[in-house]
Amino acid sequence: MTISAEISPDAIAPTARYPRAPHTETVRRLSAVRPLRSVGLILEVWAPLVLAMTLVCWMPYWWVMIPAGLVVGSRQVAMGVLVHEAVHYSLFRTKWLNDLVSDLFLAFPIGMSTGLYRKTHLAHHRHTNTDEDPDLAAQKTEREWFEWPKSRAAFYWTLVRSLTGLNFYRGIVMFKQWSPALHLWGPVTPAFPLHTRIIYVLNIAAVYALFGWWFSTAPWQAAAVVAVYLLPGLTVVNLSMRIRATAEHIGVDNAEEIRATRTVLPRWWERLFISPVGVNYHLEHHLFPSVPGPRLAELHRELMDDEHYRSTAHVTKGYDGVMRELMTDRAPGSATVGGSGG
C-alpha cells in the first residue's frame, strides 16, 4: 500500500471551492522538487544547532545556555516544518530517500516519524475543519489555546504557561499519534513499517550509547548539552507550535475554501521562531499542497494578482495580528475550535 501525498480536490471540506485551473502552469512550475535545496535547508537546521551545543559544551554557563537554547529551539521548529515538507514528498524525488533522510535528520531528533505524521496530516487535508479532521480532534482536547475569544489576562497567562512549559503535558495528545516510540510495539502498518522501526531502534541505540559514554567521561558537559537540547522543546517550541496551530484554522469561515485557512505575513523574528520555510503561507499550501514551502511566497505573490483571491483570501499581518483577531472576535465566523463550522 502506498500513501500518496496528493490531495484530491473533491475531498476538500468547504463547499465553495477556489478555482485552481487558472493557476495550473504556475503551480506545475513551482512544484519541482529540488534535492540540493533540501540539503541546504537541512544544513541550515543542523549547522547552527551543532554550533550552539558546541559552545555550551565549552562554556556551560547560563548566559551561554539561554541564547544557545533559543537557537536550538528555532532549529527544532524548522525540523518540524521540514518533516512536513517530507510528508508531501517535497524534499527528494525518490520516496524512500525522502523518508529516510527526513526520519534520521529531522523527525527522529524531535520524537516524530515521517510516515506516522503523513497518515494524520493527509487526513487533515482531506477533512479540514470537520469532525473527521485529526488535528481538530486533538485541538478539541486542549482548549487552553484553541477556544476563543478569551480575556487579555487569560491570554497572557496562557502565554506564560506555554513559554515556561507548564502546559506542555496538554499538548502530548497532538504528538503521541506521531511518536515512533509509542507505536514501536504496535501492529506493522504502511505508515510505520518494519524497516523504519529497525532504523529507529538502531538510531536510538546509537544516541544512547554516545551519551552514556559522554556522561561517564564528562558528566557536566553532557548534562549541559542535553539540557540545552531538551528544554527548548518544552518551552520555546511548545509556545511556537501552539501559536502556529492556532493561527492556521481557528476563527475562520468554513463556508468558503479560500477563507477556511489563514495565511500569516510574519515579521522576521516570527519567521525564525514560528514559521520558517514558508509554512506561514498555509492557505496557499492547502490550495496547492504540491508546492514546496520555499516556493510558497512566490505562489502567494502570483495568487495576489487574482482579484478574487486578493479580496477574499484570509490573510493576516503578523501572529500578533492573529491573536488580536481572535481576542476581539474580528475574524470571520465564530472564533472557537474549528471555526464557524460552515
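Caption draft 1: Quick look at the overall build of the protein. When its secondary structure is counted, the protein shows 18 helices and 2 strands. Rg of the C-alpha trace for the protein: 20 Å, near the compact-globule value of 20 Å for 342 residues, within the 12% margin. A principal-axis box enclosing the C-alpha atoms of the protein has dimensions of 65 × 50 × 35 Å. Taking all 342 residues of the protein together, 52% fall into the buried category. Taking all contacts inside the protein whose residues are at least 6 apart in sequence as the whole, residues at least 24 apart take part in 72%. As displayed, the protein offers around 16000 Å² of accessible surface, 66% of which is attributable to carbon and sulfur atoms.

Caption draft 2: Focus on the packing of aromatic side chains. Enumeration over the complete set of coordinates arrives at 10 aromatic pairs. Judged by centre distance (5.5 Å) and plane angle (35 degrees), the rings of Phe211 and Trp214 are tilted. Of this pair, Phe211 and Trp214 both sit in helix α11 (residues 194-217), 3 residues apart, roughly one helical turn. By relative accessible area, which is 24% here, Phe211 ends up partly exposed. Since its relative accessible area comes to 17%, Trp214 is described here as buried. The cationic tip of Arg20 hangs over the ring face of Phe288; the distance from NZ or CZ to the ring centre is 5.9 Å.

Caption draft 3: Representation of unusual backbone geometry within the structure. Cis geometry is found at the peptide bond from Trp148 to Pro149, where omega equals -5 degrees. Within the secondary structure layout, Pro149 lies in the loop between α7 (143-146) and α8 (152-163). Its identity as a non-glycine residue notwithstanding, Asn129 has a phi of 65 degrees, on the positive side. Of note, Asn129 is situated in the loop between α5 (114-126) and α6 (134-140). For Val277, which is not a glycine, the phi torsion comes out positive at approximately 55 degrees. Structurally, the position occupied by Val277 is in the loop between α14 (268-273) and α15 (282-287).

Caption draft 4: Highlighting the side chain of His282. Within the secondary structure layout, His282 lies in helix α15. For His282, a relative accessible area of 4% translates into the label buried. Among the polar contacts listed, one links the side chain of His282 to the side chain of His249, at a separation of 3.3 Å. Setting aside its immediate chain neighbours within four residues, His282 contacts His124, Glu248, His249, Thr261, Arg262 and Thr263.

Caption draft 5: Up close: the nonpolar core. Core analysis: the biggest nonpolar cluster contains 36 residues, and Met53, Leu82 and Leu106 have the highest contact counts within it. Counting only elements with at least two residues in this core, the list comes to α2 (35-58), α3 (62-87), α4 (95-107), α5 and α12 (219-234). Per-element tally for this core: the top contributor is α3, with 10 residues. In this structure, Phe155, Leu239, Ile250 and Ile274 belong to the second largest nonpolar core, which totals 18 residues.

Caption draft 6: Structural view of helix α13 (residues 236-249). Among the 14 residues in α13, 13 count as buried, and that is most of the element. Directly after α13, the chain includes Gly251, whose backbone phi takes a positive value near 70 degrees.

Caption draft 7: Examining the packing of α3 against α4 more closely. Axis separation between α3 and α4 bottoms out at 10 Å; the angle between their running directions is 170 degrees. Between α3 and α4, the angle is such that the two are roughly antiparallel. Together, Met79, Leu82, Val83 and Ala86 of α3 and Asn98, Asp99, Ser102, Phe105, Leu106 and Ala107 of α4 make up the contact between the two elements. The residue makeup of the contact of α3 with α4, split by class, is 7 nonpolar, 2 polar and 1 charged.

Caption draft 8: Region of interest: empty space enclosed by the protein. Evaluated as defined, the whole model comprises 4 cavities of 30 Å³ or more. Put simply, the second largest cavity is a space of about 40 Å³. Lining of the second largest cavity is provided by His84, Glu85, Val277, Gly278, Val279, Tyr281, His282, His285, Gly293 and Leu296. Residues that form the lining of the second largest cavity fall into these classes: 4 nonpolar, 5 polar and 1 charged.

Caption draft 9: The arrangement of the pattern of salt bridges in detail. This structure, assessed with the given rule, holds 17 salt bridges. The salt bridge involving Glu144 is made with Arg161; its shortest N-O contact spans 2.6 Å. Taken together, the residues Glu144 in helix α7 and Arg161 in helix α8 connect sequence positions 17 residues apart. Neither Glu144 nor Arg161 differs from the other in exposure class; each is buried. Measuring nitrogen to oxygen at the nearest pair gives 3.1 Å for the salt bridge that ties Arg262 to Glu325. Linking Arg262 in the loop between α13 and β1 (263-265) with Glu325 in helix α18 (residues 319-328), this pair joins segments that are 63 residues apart in sequence. We classify Glu325 as buried; its relative accessible area is 12%.

Rules used throughout
- In every chain, residue numbers begin from 1 and rise along the written sequence.
- The model is predicted, so local features are restricted to residues of pLDDT at least 70 and side-chain atom pairs to those at 80 or more, both for listing and for counting; the totals for chains, interfaces and linings are taken over all residues.
- By convention in this description, side-chain values take in all heavy atoms of the structure and omit both hydrogens and water.
- The numbering of helices and of strands both runs from the N terminus, where a helix is a DSSP run of H or I of at least 4 residues and a strand a run of E of at least 2.
- For this measure, only C-alpha atoms enter the radius of gyration; the expected value for a globule follows 2.2 Å times N^0.38, where N is the number of residues.
- Residue exposure (1.4 Å probe, protein chains only): buried if accessible area is under 20% of the type maximum, exposed if over 50%, otherwise partly exposed.
- Note on contacts: a residue pair qualifies if any of its non-hydrogen atoms lie within 4.5 Å across the two residues.
- Residue exposure ignores everything except the shown protein chains as possible cover, and the areas themselves are Shrake-Rupley values with a 1.4 Å probe.
- A pair of Phe, Tyr and Trp rings is counted when the ring centres sit within 6.5 Å of each other, with Trp represented by its six-membered ring. The angle between the planes then sorts it: under 30 degrees is stacked, over 60 is edge-to-face, the rest tilted.
- Geometrically, a lysine NZ or arginine CZ counts as sitting over a ring once it is within 6 Å of the ring centre and also within 35 degrees of the ring normal.
- Side-chain atoms alone can form a polar contact between residues adjacent in sequence; in general such a contact is a pair of N or O atoms within 3.5 Å, and within protein one must be able to donate a hydrogen while the other accepts it.
- The term nonpolar core refers to a set of buried residues drawn from Ala, Val, Leu, Ile, Met, Phe, Trp, Tyr and Cys, joined through side-chain atoms within 4.5 Å.
- Angular values range over 0 to 180 degrees, each being the angle between N-to-C directions of two axes fitted as lines to C-alpha atoms, with helices fitted over their stretch in contact.
- Angles below 35 degrees are treated as roughly parallel, those above 145 as roughly antiparallel, those between 65 and 115 as roughly perpendicular, and all remaining angles as oblique.
- Residues are grouped as follows: Ala, Val, Leu, Ile, Met, Phe, Trp, Tyr, Cys and Pro are nonpolar; Asp, Glu, Lys and Arg are charged; every other residue, Gly included, is polar.
- Points on a 1 Å grid, built from protein atoms alone, make a cavity when a 1.4 Å probe fits but cannot get out and make a pocket when they are open with protein on both sides within 12 Å along at least 5 of 7 lines; residues with an atom within 4 Å of a point are the lining residues.
- Grid points are joined across faces, edges and corners, and a volume is the space filled by probe spheres set on the points.
- Whenever a carboxyl oxygen of Asp or Glu lies within 4 Å of a side-chain nitrogen of Lys or Arg, that contact is scored as a salt bridge.

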